[in-house]
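Per-entry structural report
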Amino acid sequence: MMFDHLFRNARLPGRGEAVDLGIRHGRFVAVEPAIEAAMPGEDLGGRLVVPGLVETHLHLDKACLFGRCACGSNVQEAIAAVAGAKRGFTEDDVYERASRALERAILQGTTRIRTHVEVDPRIGLTSFRALKRLKADYAWAVDLELCAFPQEGLLDDPGCEEVLEAALLEGADLVGGVPYVDKDRNGQIARIFALARRFDVDIDFHLDFDLDPADASLFEVCRMAEATGWQGRVAIGHVTKLSAMAPEAFASAAKRLREAGVAVTVLPATDLFLTGRDHDRDVPRGVAHAHRLAAMGVTCSISTNNVLNPFTPYGDCSLIRMANLYANVAQVSDETDLATCLDLVTGSSARLMRLDGYGIAPGHAADMVVLDASSPAEAVATLAPPLFGLKAGRRTFERPAPRLLREA
Ligand SMILES: [Zn+2]
């Protein structure tokens, strides 16, 4: 067989034996042990290969604001700080900051991203149009989908729904909501579902971002998903209320989410930074247990959310770091659960986003990232760096492994 690229001795998540990967015309054409070919191929030394990391929840439009506004000590303050800074955003400014974050994500092995983008009567479509340009300009490395959403409120912000509609008419891939910023939370949920049905798009809510286990909006979202036939097309992010629920309440919430086909994204960096600020000791973590939800049949992901801004003043756009942070905070120890943490930034994330053709298999686009680890559990435990990656069969980045320079 003839290949454009042949990689030998690769390990794939969930597959025991090492395999070779043959690529031709941008697609995997052979994935099997010991492929016979006239070319020698590149030996990967038994390293783990994933089909690229998948970021399901990122805010590229407000990334890299460090130094331009104060940090929030809770989510309301962070929203207000960004709302102030947003008055000075221009399309070029958003593009420049977003491209910096996006390039970091590419260098960290991310090949698919769902980014949220704020639209409202003040910023209009400025950020949205910047990210639309970014989506086209970086298609060589990453598939970007845009989720337009009203961060500062929908029902309580007259004119916002018209801007949201305009974003959907201009090609937003899906619609998001933040029910807790409006007085009528269920009212906002109903409007977002109405827009999703009108434009036939999926939904991604910011939801239940506090530590009161009672009165969770997730049940209304589940009810609406079933009532509208949107099962499998709705994700909810943060859901820190889940971290405060007693085991029985957590289990029944998981059952509802599974039945209604509502997926959960956990955002450990922001959840740890913004929750529990009213405690002067024994600070609660506020991180919902994604690996437990996943074991109960809920589609889940772990994601970055914010980078260097009032919601999270840290960030290198590394999903491997996010999986490790989550594992540490959720006190994950056994090998199966550590492997799940890698799945929560790869395969499970791809299912949440309903991505077609994701995975290392013949016929699929040759998207692959080589991690410096031999197994999924090791990749999470050791923060395995990505060494290089391909998008549709073309090398998009390299990070050569560091080496020791010993005495002669
Ligand atoms: Zn978010």
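In this report, the structure presented in the accompanying data block is examined. (Residues numbered from 1 in each chain as written. Predicted model: local features only at pLDDT ≥ 70, side-chain atom pairs only at ≥ 80, totals over all residues. Heavy atoms only, no water.)

**Thoughts on the sheet that holds strand S12 (residues 300-302)**
- The eight strands are arranged S5-S6-S7-S8-S9-S10-S11-S12 in an open sheet whose pairing can be described as parallel. In this open sheet, the two edge strands, each paired with only one partner strand, are strand S5 (53-58) and S12. Neighbour-to-neighbour, the strand axes of this sheet turn through a mean angle of 20°, independent of strand direction.
- Here strand S10 (residues 234-238) runs beside strand S11 (residues 262-266); their pairing, made up of four bridges, is parallel. Its bridge partner being in S11, Gly237 is matched across the sheet by Thr265.
- Contacting strand S6 (110-118) and strand S7 (143-149), helix H3 (residues 126-137) crosses the sheet at an angle of about 170° to S7. (Pairing = 2+ DSSP bridges. Helix = DSSP H or I, 4+ residues; strand = E, 2+ residues; numbered from the N terminus. Axes fitted to C-alpha atoms, helices over the stretch in contact; angles between N-to-C directions. Contact = heavy atoms within 4.5 Å.)

**Remarks on the nonpolar core**
- Counting 113 residues, the largest nonpolar core has Phe193, Phe205, Leu218 and Ile236 as its most contacted members.
- Contacts of Ile236, omitting those with residues within four sequence positions, involve Asp204, Phe205, Leu207, Leu218, Val221, Leu257, Val262, Ala263, Val264 and Thr265.
- Of all hydrophobic cores here, the second largest spans 17 residues; its members include Leu12, Phe28, Ile360 and Met368. (Core = buried A, V, L, I, M, F, W, Y, C linked by side-chain atoms within 4.5 Å. Buried < 20%, exposed > 50% of the residue type's maximum accessible area, 1.4 Å probe, protein only.)

**What about the coordination of the zinc ion?**
- Looking at the zinc ion, the protein donor atoms are His57 (NE2), His59 (NE2), His206 (NE2) and Asn305 (OD1), and they sit 2.1 to 2.2 Å from it.
- In this structure, the zinc ion is coordinated by four donor atoms arranged in irregular fashion, with angles at the metal of 84 to 173°.
- Sequence positions of the donors to the zinc ion reduce to the motif H-x1-H-x146-H-x98-N. Highlighted residues: His59 in the loop between S5 and helix H1 (75-86) and His206 in strand S9 (residues 202-207), separated in sequence by 147 residues.
- Here His59 falls in the buried class, since its relative accessible area comes to 2%. (Donors = N, O, S within 2.8 Å, 3.2 Å for Na, K, Ca; no water. Tetrahedral: all angles 85-135°; square planar, octahedral: opposite > 155°, others 65-115°.)

**Here we look at the pairing of S5**
- For S5, the tally of buried residues reaches six of six residues, placing the bulk of the element in the interior.
- Bridge analysis of S5 against S6 gives four bridges, and the strand direction is parallel. Looking across to S6, one finds that Glu55 is bridged to Ile113.

**Details of the packing of helix H5 (residues 185-199) against helix H6 (residues 218-228)**
- It is at 11 Å that the axes of H5 and H6 come closest, and there the two elements cross at 30°. Judged by the angle between their axes, H5 and H6 are roughly parallel. Seen along the crossing, H5 lies across H6 with a hand that is right-handed. Where H5 approaches H6, its residues Asn186, Ile189, Ala190, Phe193 and Arg197 are matched on the opposing element by Glu220, Val221, Met224, Ala225 and Thr228.
- Of the residues belonging to the contact of H5 with H6, the class tally is six nonpolar, two polar and two charged. (Parallel < 35°, antiparallel > 145°, perpendicular 65-115°, else oblique. Left-handed = near helix turned anticlockwise from the far one by under 90°. Nonpolar A, V, L, I, M, F, W, Y, C, P; charged D, E, K, R; others polar.)

**Thoughts on the packing of helix H2 (residues 91-107) against H3**
- One can describe the packing of H2 onto H3 by two numbers: an axis separation of 8 Å at closest approach and a directional angle of 45°. One finds that H2 runs oblique with respect to H3. Handedness of the H2/H3 crossing: right-handed. For the pair H2 and H3, the contacting residues are Glu91, Asp92, Val94, Tyr95, Ala98, Ser99 and Leu102 in the first and Thr126, Ser127, Arg129, Ala130, Leu131, Arg133, Leu134 and Asp137 in the second.
- Here the contact of H2 with H3 is built from residues that sort into seven nonpolar, three polar and five charged.

**What to know about H5**
- Its 15 residues give H5 an end-to-end C-alpha distance of 22 Å, which sits within 8% of 21 Å, the value for a rise of 1.5 Å per residue.
- If you check which residues of H5 are buried, you get Gly187, Gln188, Ile189, Ile192, Phe193, Leu195, Ala196 and Phe199.
- The elements touched by buried residues of H5 are helix H4 (160-169), strand S8 (174-177), S9, H6 and S10.
- One or two steps after H5, the chain reaches Asp200, where phi turns positive at roughly 55°. (Expected span 1.5 Å × (residues − 1).)

**Considerations on the pattern of salt bridges**
- Within the structure shown, the criterion is met by 40 salt bridges.
- The residue Asp120 makes a salt bridge to Lys86 at a minimum N-O spacing of 2.7 Å. Of this pair, Asp120 sits in the loop between S6 and H3 while Lys86 is found in helix H1, placing the two residues 34 residues apart along the sequence.
- The closest approach of N and O atoms between Asp202 and Arg354, which form a salt bridge, is 2.8 Å. Of the two residues, Asp202 is situated in strand S9 and Arg354 in the loop between helix H13 (347-352) and strand S13 (368-371); the sequence distance between them amounts to 152 residues.
- Taking relative accessible area as the criterion, Asp202 reaches 9% and is therefore assigned buried.
- The exposure class assigned to Arg354 is partly exposed, which follows from its relative accessible area of 43%.
- Salt bridges sharing partners connect three or more residues here, namely Lys62, Lys86, Glu118, Asp120, Arg122, Glu152 and Asp157. (Salt bridge = Lys/Arg side-chain N within 4 Å of Asp/Glu carboxyl O.)

**Describing the environment of Leu371**
- Positionally, Leu371 belongs in strand S13.
- Here Leu371 falls in the buried class, since its relative accessible area comes to 0%.
- Residues Leu371 and Ala384, spaced 13 residues apart in sequence, show a C-alpha to C-alpha distance of 6.0 Å.
- What Leu371 contacts, discounting residues up to four positions off in sequence, is Arg47, Leu48, Val50, Ile320, Leu342, Ala379, Ala384, Pro385 and Pro386.

**Notes on the packing of aromatic side chains**
- Scanning the entire structure with this criterion turns up five aromatic pairs.
- Considering the side-chain rings of Phe7 and Phe388, the 5.7 Å spacing of their centres and the 35° angle between planes classify their relative orientation as tilted. Taken together, the residues span a long stretch of sequence, with Phe7 in strand S1 (residues 5-11) and Phe388 in strand S14 (residues 386-391) at a distance of 381 residues. Of the two residues, Phe7 and Phe388, both sit in the buried class.
- Between Phe273 and Tyr314, the ring centres sit 5.7 Å apart and the planes meet at 85°, which makes this aromatic pair edge-to-face. (Phe/Tyr/Trp six-rings, centres within 6.5 Å; stacked < 30°, edge-to-face > 60°.)

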